[in-house]
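# A closer look at the structure
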Amino acid sequence: MPRSLASGRSLATTRGSVASLTFDGFQNYVSLGTMGNFGSNLGSGFYCSFQIKTTSTASASFGDVDATQLIKIFFNNTGNHQLRLQIYDNAGNILDGYNATPTINFNDGGTHTVVITANFSTQVIVMTIDGIAQTVSYNTQMALSTWINFAYAFYIGARNSTGTAQQFYACTLDNFQIGTSPTALYGNYLFNEGSGTTTADSSGQGNTGTLSKGAGAYPTWGHTRVAASGRSLAT
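The present account deals with the structure reproduced in this document.

## So, the packing of aromatic side chains
Applying the stated criterion across every chain, the model contains 12 aromatic pairs. With a centroid separation of 5.2 Å and an interplanar angle of 35 degrees, the aromatic rings of Phe-38 and Tyr-186 are classed as tilted. Taken together, the positions of Phe-38 in the loop between strand E2 (28-31) and strand E3 (46-53) and Tyr-186 in strand E16 (residues 184-189) put the pair 148 residues apart, joining distant regions of the chain. Given the relative accessible area of 0%, Phe-38 is considered buried. Judged by its relative accessible area of 3%, Tyr-186 falls in the buried class. The structure contains a cluster of three or more aromatic residues connected by ring pairs, namely Phe-50, Phe-62, Phe-75, Phe-106, Tyr-169 and Phe-176.

In structure tokens, the structure reads:
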């Protein structure tokens, strides 16, 4: 069973760490591995939260694409400043929604807190940016119910398309959390190591992140403290 954070609080109400990780948007990313039983337990729902700082308007995504089942978090996919969540279950059912008219520009160069959740029985996606709920429009809205564990690793900074890294995103991330709910996390990454090529998972699931690259450089460790309000505080 996944462990919750000791406080039981989501990222939206928790102060950040004293570090961050910056991706170049070309060839680097972090692999979270196949994340154990996360894929087969998605029937409980989906939860992801993170703090992001970027000025990139490029279309990009994080996630994992298996032969049938997939999770993709898109940035600027259907329009600038837009977020999109696309999930397929193993039977090919699809839940696909986006904030058609963003009320906050997450890629304005400031630090913003993004929270995305999905309820598969009600076919509802909820998105907030800095605590402000976004209106979600749907491309496809089906009930999802058939799940298996992932065959390929979940990536952040890029997406894993059946073993190939694609759609890299130039951004700085902090406090990346993923699971089936805020209190049932399968990955919780503070990015506070400051050096090396791994980042610890503090969810208790042991899904250590591995910094990866193509011909260029690894993601870059940073040293900023990200406040819950979205401000970035130098240390």
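## Some words on the sheet that holds strand E12 (residues 155-156)
A sheet is described by the order of its strands in space; here four strands give the open sequence E12-E2-E18-E17, paired in antiparallel fashion. Edge positions in the sheet fall to E12 and strand E17 (198-199), since each of these pairs with one other strand and no more. Across four bridges, the pairing between E2 and strand E18 (residues 209-213) is antiparallel. What sits directly across from Asn-28, in E18, is Lys-213.

## Examining the sheet that holds strand E7 (residues 94-99)
Strand order across the open sheet formed by seven strands is E11-E7-E6-E5-E4-E13-E14, with mixed pairing between neighbours. Of all strands in the sheet, those with a lone pairing partner are strand E11 (136-141) and strand E14 (164-166), marking the two edges. On average, adjacent strands in this sheet sit at an angle of 20 degrees to one another, irrespective of strand direction. The pairing of strand E6 (residues 83-88) with E7 spans five bridges and is antiparallel. Among the inter-strand pairings, Ile-87 is bridged to a residue of E7, identified as Leu-95.

## Notes on the pairing of strand E5 (residues 70-75)
Burial of E5 is extensive: six of the six residues sit out of reach of the surface. Residues of E5 alternate between two faces, with Leu-70, Lys-72 and Phe-74 on one and Ile-71, Ile-73 and Phe-75 on the opposite face, all of them buried. Here six bridges tie strand E4 (residues 60-65) to E5, and the two strands are oriented antiparallel to one another. Bridging across to E5, Gly-63 finds its partner in Lys-72. In textbook terms, the turn of a hairpin is the stretch between consecutive antiparallel strands, and for E4 and E5 this stretch comprises four residues. Alignment of E5 against E6, held across six bridges, turns out to be antiparallel.

So, how was this worked out
- Position numbers for residues start from 1 in each chain and track the written sequence from start to end.
- Local features are withheld for residues below a pLDDT of 70 in this predicted model, meaning they are given only at 70 or higher, and side-chain atom pairs are given and counted only at 80 or more; totals for whole chains, interfaces and linings count all residues.
- Computation of side-chain values covers all heavy atoms of the structure but excludes hydrogens and water.
- Here a pair means two rings of Phe, Tyr or Trp (six-membered ring of Trp) with centres within 6.5 Å. Their orientation is stacked below 30 degrees between planes, edge-to-face above 60, and tilted elsewhere.
- Put simply, DSSP H or I for four residues or longer makes a helix, DSSP E for two residues or longer makes a strand, and each gets a number counted from the N terminus.
- Buried residues are those whose accessible area, probed at 1.4 Å on protein chains only, stays under 20% of the maximum for their type, while exposed residues exceed 50% and partly exposed ones sit between those limits.
- DSSP-based pairing: two strands are paired if at least 2 bridges between them are found.
- Between N-to-C directions, angles span 0 to 180 degrees; the directions come from axes that are lines fitted to C-alpha atoms, helices contributing only their stretch in contact.

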